[in-house]
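What follows is each chain in one-letter form.
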Amino acid sequence: MKKFTIQYRVAVFITEALSSLKLDIKQSAARRRFIRTLRGHLEDLDAEQLELKNKFAEKEADGKPKIVNGNYVYSAAQRKLLNKAWNDLNEQSVTVSVDESNEPDVKTAQEI
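Read on for an overview of the structure. (Residues numbered from 1 in each chain as written. Predicted model: local features only at pLDDT ≥ 70, side-chain atom pairs only at ≥ 80, totals over all residues. Heavy atoms only, no water.)

### A closer look at the packing of helix H1 (residues 8-20) against helix H2 (residues 25-56)
Phase 1 of the analysis: Relative orientation of the contacting elements H1 and H2 amounts to 140 degrees, with a least axis distance of 10 Å. The angle between the axes of H1 and H2 places the two elements in the oblique class. Here the hand of the crossing between H1 and H2 comes out left-handed. Of H2, the residues touching H1 (which contributes Tyr 8, Ala 11, Val 12, Ile 14, Thr 15, Leu 18 and Ser 19) are Arg 31, Phe 34, Ile 35, Leu 38, Arg 39, His 41, Leu 42, Asp 44, Leu 45 and Glu 48. (Axes fitted to C-alpha atoms, helices over the stretch in contact; angles between N-to-C directions. Helix = DSSP H or I, 4+ residues; strand = E, 2+ residues; numbered from the N terminus. Parallel < 35°, antiparallel > 145°, perpendicular 65-115°, else oblique. Left-handed = near helix turned anticlockwise from the far one by under 90°. Contact = heavy atoms within 4.5 Å.)

Written out as C-alpha cells, the structure reads:
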C-alpha cells in the first residue's frame, strides 16, 4: 500500500488543487476517495487550530475566549505566540495511506 508523508499546509493545498482538476470518471472516483482520506486529517488540523485560538485569545470574565464580530481577540504578544504555534502546527507531517483501489491512479513524485 502506498503511503504519503506530507505537511498539513501541503495537504490543504492538495485538496484544493485536486478538487479543481477535470478528470475522467475512474480518476474522479479515485480523487474523491483520496480527498476523503485527506479530509479526515484536515479535520484533526481544524480541531488543533481551534484549540490554539482558544488558548491564545483574550478571555472574557467567564473564562471563554473573547470574540468580537466573529473574530477572536488577541493581544499583540499572544498573536505572536499564536502565529508561531500555528506555523509549527502547519509544518507537522501526516502520513496518508492510499486505498489499494486508488494505487494505479495515484503517483508519487518519484513515479512522475
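### Notes on the nonpolar core
Phase 1 of the analysis: Counting residues in each nonpolar core, the largest one holds 18 residues, and the members touching the most others are Ile 6, Phe 34, Leu 38, Leu 52, Phe 56 and Val 96.
Phase 2 of the analysis: Among the secondary structure elements, those contributing two or more residues to this core are strand E1 (3-7), H1, H2, helix H3 (76-91) and strand E4 (93-97).
Phase 3 of the analysis: With six residues, H2 is the largest single contributor of residues to this core.
Phase 4 of the analysis: When residues no more than four places from it in sequence are discounted, the contact partners of Phe 56 are Tyr 74, Gln 78, Leu 81, Leu 82 and Ala 85. (Core = buried A, V, L, I, M, F, W, Y, C linked by side-chain atoms within 4.5 Å. Buried < 20%, exposed > 50% of the residue type's maximum accessible area, 1.4 Å probe, protein only.)

### Concerning the environment of Ala 76
Phase 1 of the analysis: On the secondary structure map, Ala 76 appears in helix H3.
Phase 2 of the analysis: Taking the C-alpha atoms as reference points, Ala 76 and Ala 11, separated by 65 residues in sequence, lie 29 Å from one another.

### Topic: the pairing of E4
Phase 1 of the analysis: Only one face of E4 is buried: it carries Val 94 and Val 96, and the other face, with Ser 93, Thr 95 and Ser 97, is open.
Phase 2 of the analysis: Across five bridges, the pairing between E1 and E4 is antiparallel. When the sheet's bridge partners are listed, Lys 3 is paired in E4 with Ser 97. (Pairing = 2+ DSSP bridges.)

### Observations concerning the side chain of Asn 90
Phase 1 of the analysis: Looking at where Asn 90 falls in the secondary structure, it is placed in helix H3.
Phase 2 of the analysis: The class of Asn 90 is buried, set by a relative accessible area of 12%.

### Some remarks on unusual backbone geometry
Phase 1 of the analysis: Even without a glycine there, the phi angle at Asn 69 is positive, about 55 degrees.
Phase 2 of the analysis: Here Asn 69 is to be found in the loop between strand E2 (67-68) and strand E3 (71-72).
Phase 3 of the analysis: With a relative accessible area of 76%, Asn 69 lands in the exposed category.

### Here's the deal with H3
Phase 1 of the analysis: In a regular helix each residue adds 1.5 Å, so 16 residues correspond to 22 Å; H3 covers 23 Å between its end C-alpha atoms and thus fits that length.
Phase 2 of the analysis: Among the residues making up H3, those that are buried are Leu 82, Ala 85, Leu 89 and Asn 90. For H3, the angular spread of buried residues about the axis comes to 135 degrees, placing them on one side. The exposed residues of H3 that point more than 90 degrees off its buried face are Ala 76, Lys 80 and Lys 84.
Phase 3 of the analysis: Tucked into the core, H3 has its buried residues touching E1, H1 and H2. (Expected span 1.5 Å × (residues − 1). Arc of directions from axis to C-beta.)

### Quick word on the environment of Leu 45
Phase 1 of the analysis: Turning to its location among the elements, Leu 45 is positioned in helix H2.
Phase 2 of the analysis: Of the residues examined, Leu 45 reaches a relative accessible area of 2% and is grouped as buried.
Phase 3 of the analysis: Expressed as a C-alpha distance, the spacing of Leu 45 and Leu 89, which sit 44 residues apart in the sequence, is 8.0 Å.
Phase 4 of the analysis: When near neighbours in sequence (up to four residues on either side) are disregarded, Leu 45 contacts Tyr 8, Val 12, Leu 89 and Asn 90.

Honestly, that's just the spatial picture; any functional story needs more than this.
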